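# A closer look at the structure
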Amino acid sequence: MVSYFLSHAEVVVEPAEPIESWGLSAAGRARAARSGPLAWEPGVRTLVSSTERKAVETAELLGAAVGLVPAQDPLLGEIDRSATGYLPPAEFYGVVDRFFAEPTRSVRGWERAVDAQARIVGAVRRRTAAGDATIVSHGAVGALLLADLTGAPVSRALDQPGMGSVFAFDARAWRATSTWQRVPSG
C-alpha cells in the first residue's frame, strides 16, 4: 500500500487577510478537483488536512471526488510565519531560501525548519499508524517531510515544483516511493 502527501493548490493572495484564511483560486479549485488519480487509490481510507482554509478546501475537493470525508489536524499546518505575516513575493522567497538554508535558526521570527520538520513527521506518523492516508498540507512542510523520508538534509531542492503537487511514500518502511509530481491543471 501507499500513502500520499498533497500540497494545496493555487490560492487567492489577500495581503490584508491572515495567511491561514486564504482560499483556493478558480485555478486551484480545478487542480484540486483533478488530484484523485495522483493522490489517492482505493486502499487509502483516511484523508486528513491541515486546518488552514486552502488545505481544507483542497481536501474537500479531493474527498468529493473519491468519496471520503476529510478530517483535520492542526499539526499538519504550514510553517508558522506569523511573525512577518504576508511578505511581497521577492522578500518572501528570500526568507524561504534562508529558512531552508539555516534549519536550526528562526529566520525573522518564523518557526525553525527543524521544529516544523519534527511536527510534520510526528503528525504524519500518527495519521498513518493505522493504515495508508492522503495528507493534504503545504509545500514547505512537505519538503521537510520528504527530507526525512529520504534521509536527506533539509534543503530547498526538495521543495514542490508548484502548488498542487503530490508525492507517494511507504509509511511502514518510512521511505518516499516517488518524487513530487504536479497535479495537471486541465
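Described in the following lines is the structure provided in the data block. On a predicted model such as this, the values are computed, not experimentally measured, just so you know.

## Looking at the overall build of the chain
In terms of helices and strands, the chain carries six helices and seven strands. Reported as C-alpha extents along the three principal axes, the dimensions of the chain are approximately 45 × 35 × 25 Å. A total of 186 residues make up the chain; the buried ones form 54% of that total. At a minimum sequence separation of 6, the contacts of the chain that also span at least 24 residues come to 67%. When the accessible surface of the chain is summed, it comes to about 8,100 Å², and 54% of that surface belongs to carbon and sulfur atoms. Counting 19 positive and 20 negative side-chain charges, the chain places the averaged centre of each group 3 Å from the other.

## Section: the nonpolar core
Judged by nonpolar contacts, the single largest core of 36 residues is most densely connected at Phe-5, Ile-120, Leu-144 and Leu-145. When contributions to this core are tallied by element, the ones reaching two or more residues are helix H4 (89-101), helix H5 (113-128), strand S4 (133-137), helix H6 (139-150) and strand S5 (165-170). Ranked by residue count, the leading element in this core is H6, at eight residues. Among residues more than four places away in sequence, those in contact with Ile-120 are Phe-5, Leu-75, Leu-76, Ser-137, Val-141, Leu-144 and Leu-145. Within the second largest apolar cluster, 16 residues are counted, among which are Leu-6, Trp-40, Leu-68 and Val-166.

## Some details on the side chain of Ser-49
Note on placement: Ser-49 falls in strand S2 (residues 46-49). For Ser-49, a relative accessible area of 1% translates into the label buried.

## Remarks on the pairing of S5
Most of S5 sits inside the fold, with six of its six residues counted as buried. Here S5 shows no split at all, with Ser-165, Phe-167 and Phe-169 on one side and Val-166, Ala-168 and Asp-170 on the other all buried. As paired elements, strand S1 (residues 3-7) and S5 share four bridges and run antiparallel to each other. Each residue of the ladder has a partner; that of Leu-6, found in S5, is Val-166. As defined by bridge partners, S5 adjoins strand S7 (residues 181-182) across two bridges and the pair is classed as antiparallel. When the sheet's bridge partners are listed, Val-166 is paired in S7 with Gln-181.

## Overview of the side chain of Asp-132
Residue placement: Asp-132 occurs in the loop between H5 and S4. Within the local environment of Asp-132, its side chain forms a polar contact with the side chain of Ser-3, the two groups lying 3.0 Å apart. In terms of polar contacts, Asp-132 uses its side chain to reach the side chain of Arg-172, at 3.4 Å. When neighbours within four sequence positions are excluded, Asp-132 is seen to be in contact with Met-1, Val-2, Ser-3, Val-44, Arg-45, Thr-46 and Arg-172.

## Thoughts on the layout of surface pockets
Here the largest pocket defines a volume of roughly 580 Å³. Counting residues per element, the ones that place at least two in the lining of the largest pocket are H4 and H6. At five residues, H4 tops the list of elements feeding residues into the lining of the largest pocket. Its residues assigned to classes, the lining of the largest pocket shows 16 nonpolar, six polar and five charged. Computed from the structure, the second largest pocket encloses a volume of approximately 220 Å³. For the lining of the second largest pocket, the residue count by class is three nonpolar, three polar and eight charged.

## Some points on the packing of aromatic side chains
Enumeration over the complete set of coordinates arrives at ten aromatic pairs. Ring centres of Phe-92 and Tyr-93 lie 5.1 Å apart, and the angle between their planes is 70 degrees; this geometry places the pair in the edge-to-face category. Three or more aromatic residues joined by ring pairs form one cluster here, namely Phe-5, Phe-167, Phe-169, Trp-174 and Trp-180.

Thresholds, definitions, all that
Residues numbered from 1 in each chain as written. Predicted model: local features only at pLDDT ≥ 70, side-chain atom pairs only at ≥ 80, totals over all residues. Heavy atoms only, no water. Helix = DSSP H or I, 4+ residues; strand = E, 2+ residues; numbered from the N terminus. Buried < 20%, exposed > 50% of the residue type's maximum accessible area, 1.4 Å probe, protein only. Contact = heavy atoms within 4.5 Å. Areas by Shrake-Rupley, 256 points an atom, 1.4 Å probe, with all protein chains shown as cover. Lys, Arg positive; Asp, Glu negative; His and termini not counted. Charge placed at Lys NZ, Arg CZ, Asp CG, Glu CD. Core = buried A, V, L, I, M, F, W, Y, C linked by side-chain atoms within 4.5 Å. Pairing = 2+ DSSP bridges. Polar contact = N/O pair within 3.5 Å; in protein donor to acceptor, adjacent residues only side chain to side chain. 1 Å grid on protein atoms, 1.4 Å probe; cavity = no way out; pocket = protein on both sides within 12 Å on 5 of 7 lines; lining within 4 Å. Points joined across faces, edges and corners; volume = space filled by probe spheres on them. Nonpolar A, V, L, I, M, F, W, Y, C, P; charged D, E, K, R; others polar. Phe/Tyr/Trp six-rings, centres within 6.5 Å; stacked < 30°, edge-to-face > 60°.

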